[in-house]
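# Results of the structural survey
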Amino acid sequence: MLATIVINWRKLIRRLNWRNWFVELDREQPALAVLAGYTRSGTTYLGRMLSNLTGARPIHEPLNPKEVGEVAFFSERESSSLIENSERHQKALRLLFSPDFAGCKYTNNGNKLVYRQRLYKLVRANHYIGYISDLLPATPFVVIIRNPCACISSRIRAGWPVPDHSQSIGDIAPLLSKEQLDLYYNAENIVERLAVSWCLDNFMLLKNVQNARFLYVSYESLVQNPLREFSRILEHIGRSGDLQRLERELELESGGESAVSYLDKWKDSLGPRDIERVKATLRVFQLDVYYDVDAGMPTADFPT
């Protein structure tokens with residue numbers, strides 16, 4: 001009963017947030033964190049949980065050109081070299097990552113009336129995440145990576161097209177082998193094209209693995225061992241004291257259903273040939289060292 005009341009109250013407050021009815025305290029403080037990952041990797045879930053645990057204002061995908069007017073001229077996967085040489089792009093990014101960004105219905109999906117610090121959730125900036133890192137030198141980053149088959153299956157079920165990498169591939173091409181580039185240009189079907197897309201985004205995200213401001217978590221580990229993984233994340237962003245509310249937030253988030261039971265749901269929609277295509281693509285990009293596709297779990301070599 002109490003959980004239902006809390007959930008309905010939060011839905012009401014979210015509607016007020018859509019109208020920019022909220023207060024930000026300590027607006028000049030650096031952002032609490034930036035969450036990054038490939039689409040359907042669990043960034044929304046992680047952002048919602050961290051906002052509820054810490055009281056930070058969640059800013060949902062501010063780089064979506066179809067929803068956020070300030071970046072309407074951006075491409076879906078923008079070129080890092082273009083950003084580095086375009087004052088127009090840089091000005092937009094400085095605004096989005098400043099306290100002056102009021103947001104809109106699409107970005108403002110929090111459920112509080114008073115916030116401290118900002119929490120950014122990004123899925124379209126993976127190819128220029130280094131630029132954003134330089135823009136926010138005092139902010140920690142959390143990268144979430146999920147089994148590629150689960151991401152691919154989720155996008156297909158949602159009816160979403162393959163992300164467009166055409167604007168950014170020119171920047172990435174010098175980092176790729178001929179075999180990798182050939183696969184990008186000649187992928188045969190939507191599963192293979194999505195597998196390449198997953199590889200390109202995570203290939204760029206993993207380039208920051210030596211940067212101490214970047215913490216890497218797998219969605220599967222987050223779901224199976226939330227206490228351990230949220231402990232790591234909250235310690236990384238300097239909010240270890242907020243862990244005490246984790247059990248309550250997990251109960252509210254799940255609605256009494258175990259998220260673990262959904263980890264293998266992708267197997268209902270991807271056949272053996274699809275899975276083999278994904279595995280072959282990961283081998284070409286040398287990302288199979290991080291994920292065991294058959295098991296749907298990260299390997300021991302997954303960065304922590």
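Remember, it's a predicted structure, so these values are computed and weren't measured experimentally.

A separate point is helix H4 (residues 87–96). Within H4, burial applies to His89, Gln90, Ala92, Leu93 and Leu96. All buried residues of H4 fall inside an arc of 160° around its axis, so they share one side. Among the exposed residues of H4, those pointing more than 90 degrees away from its buried face are Arg88 and Lys91. Elements that come into contact with the buried residues of H4 comprise helix H3 (80–84), strand E5 (118–122) and helix H5 (129–135).

A few words now on a nonpolar patch on the surface. Taken together, the side chains of Val23, Leu25, Leu113 and Val114 define a hydrophobic patch exposed on the protein surface, amounting to about 290 Å² of accessible area. With respect to the secondary-structure elements, Leu113 resides in the loop between H4 and strand E4 (114–116).

Quick reminder: α-helices carry 3.6 residues per turn. Residues three or four places apart thus point the same way. Taking 1.5 Å of rise per residue, 13 residues should cover 18 Å, and helix H13 (residues 272–284) covers 19 Å from first to last C-alpha, within 8% of that figure. Among the residues of H13, those classed as buried are Asp274, Ile275, Arg277, Val278, Lys279, Thr281, Leu282 and Val284. Against helix H6 (148–158), helix H8 (178–186), helix H9 (190–205) and strand E8 (291–292) lie the buried residues of H13. Backbone geometry just downstream of H13 places Gln286 in the positive-phi region, at approximately 60°.

The rules behind these values
Residues numbered from 1 in each chain as written. Predicted model: local features only at pLDDT ≥ 70, side-chain atom pairs only at ≥ 80, totals over all residues. Heavy atoms only, no water. Buried < 20%, exposed > 50% of the residue type's maximum accessible area, 1.4 Å probe, protein only. Helix = DSSP H or I, 4+ residues; strand = E, 2+ residues; numbered from the N terminus. Arc of directions from axis to C-beta. Contact = heavy atoms within 4.5 Å. Patch = residues over 30% accessible without salt bridge, like charges linked within 9 Å, V, L, I, M, F, W, Y side chains within 5 Å. Areas by Shrake-Rupley, 256 points an atom, 1.4 Å probe, with all protein chains shown as cover. Salt bridge = Lys/Arg side-chain N within 4 Å of Asp/Glu carboxyl O. Expected span 1.5 Å × (residues − 1).

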